[in-house]
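# Secondary and tertiary structure notes
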Amino acid sequence: MHFATILYTLSILLLCAFAAPVEKRQETVSNVKCTSNTALDFHTTNVALLQICGGIAGTIEKCQGRPTSTTGQSGNVRFTITPVIEGDQINISKGRWEQGIKAAFAVCGEDIPFTATFTGGAVKGDVNVVYESV
Ligand SMILES: *[C@@H]1O[C@H](CO)[C@@H](O)[C@H](O)[C@H]1NC(C)=O
């Protein structure tokens, strides 16, 4: 084998090693800002996150009706979703929504309030998400 061929093979292997984890994660988040040091209630949070778009609990697998903004609230815990592109319609699946929240918690800590941008949660673009105590 030529040295160049070996280098080429190695670089392809390296590329695959870096590309693989990115492909597995459907949802990516950016602009994550942690907005409090105090964790919100775990159970209330789990209820609130299923209240977006009029409810995505049980067999409902995605945001229904493509609203232009939505909130999910339980007790003092509120999630707010607003499209980055004005007038865009929210069209996020439950899987992506939960993955995005997990990714933000991975940055800030479990149940720590945040603001973040979730990639591709709307028809044309991304969505801004606020998780807060009200
Ligand atoms: C909404 O999202 C689903 C995937 O969950 C996709 O198949 C569909 O094309 C999207 N609708 C619009 C109008 O973007």
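The structure this text deals with has already been given above.
Residues numbered from 1 in each chain as written. Predicted model: local features only at pLDDT ≥ 70, side-chain atom pairs only at ≥ 80, totals over all residues. Heavy atoms only, no water.

Moving on, we get to the pairing of strand β3 (residues 77–83). Strand residues, when the strand is regular, have side chains that alternate between the two faces of the sheet. For β3, the buried fraction is high: five of the seven residues fall into the buried class. Pairing analysis gives five bridges linking strand β2 (residues 70–74) to β3, with the strands arranged antiparallel. Paired with T70 across the strands is I81, a residue of β3. Hairpin remark: β2 followed by β3, antiparallel, with two residues in the connecting loop; positive phi at G75, about 55 degrees. Pairing between β3 and strand β5 (residues 127–133): seven bridges, direction antiparallel. Paired with T80 across the bridge in β5 is V130. (Buried < 20%, exposed > 50% of the residue type's maximum accessible area, 1.4 Å probe, protein only. Helix = DSSP H or I, 4+ residues; strand = E, 2+ residues; numbered from the N terminus. Pairing = 2+ DSSP bridges.)

Ranked by internal contacts, the top residues of the largest apolar core, which has 25 residues, are I52, F79, W97, F114 and F118. When contributions to this core are tallied by element, the ones reaching two or more residues are β3, α3 (94–108), β4 (114–118) and β5. The leading source of residues in this core is α3, at five residues. Among all residues touching F114, those that are not within four sequence positions of it are K33, C34, T35, I101, A104, F105, C108, V129, V130 and Y131. (Core = buried A, V, L, I, M, F, W, Y, C linked by side-chain atoms within 4.5 Å. Contact = heavy atoms within 4.5 Å.)

Our next topic: the pattern of salt bridges. Within this structure, the stated rule accounts for two salt bridges. E27 serves as the salt-bridge partner of R96, at 2.7 Å between the closest nitrogen and oxygen. Taken together, the positions of R96 in helix α3 and E27 in the loop between α1 (3–24) and β1 (29–34) put the pair 69 residues apart, joining distant regions of the chain. Exposure remark for R96: the relative accessible area of 23% places this residue in the partly exposed category. (Salt bridge = Lys/Arg side-chain N within 4 Å of Asp/Glu carboxyl O.)

What follows covers the sheet that holds β5. Strand pairs in the sheet, formed through backbone hydrogen bonds, run parallel or antiparallel to each other. The five strands are arranged β1-β4-β5-β3-β2 in an open sheet whose pairing can be described as antiparallel. Single-partner strands in this sheet number two, and they are β1 and β2. Pairs of neighbouring strands in the sheet enclose a mean axial angle of 10 degrees, with direction left out of account. Direction of pairing for β1 relative to β4: antiparallel, over a ladder of four bridges. Along β4, the bridge assignment pairs V29 with F118. (Axes fitted to C-alpha atoms, helices over the stretch in contact; angles between N-to-C directions.)

Turning to the state of the cysteines, a few remarks are in order. When the sulfur atoms of two cysteines share a covalent bond, that bond is a disulfide. For the structure on display, the rule yields two disulfides. Each disulfide pairs two cysteine sulfurs, and for C34 the partner residue is C108, the sulfurs being separated by 2.1 Å. Residues C34 and C108 are joined by a disulfide whose S-S torsion is about -85 degrees; by sign, that bridge is left-handed. Of this pair, C34 sits in strand β1 while C108 sits in helix α3, and the two are 74 residues apart along the sequence. (Disulfide = S-S within 2.5 Å.)

Here we come to the side chain of D88. The topology assignment puts D88 in the loop between β3 and α3. Among buried Asp, Glu, Lys and Arg side chains, D88 stands out as unpaired, with K124 the closest opposite charge at 5.2 Å. Of note is the side chain of D88, whose polar atom sits 3.0 Å from the backbone nitrogen of K124. Excluding residues that lie within four positions of it along the chain, D88 makes contacts with P67, T68, P83, A122, V123, K124 and G125. (Lys, Arg positive; Asp, Glu negative; His and termini not counted. Polar contact = N/O pair within 3.5 Å; in protein donor to acceptor, adjacent residues only side chain to side chain.)

Spatial relationships are all this shows, so hold off on functional conclusions.
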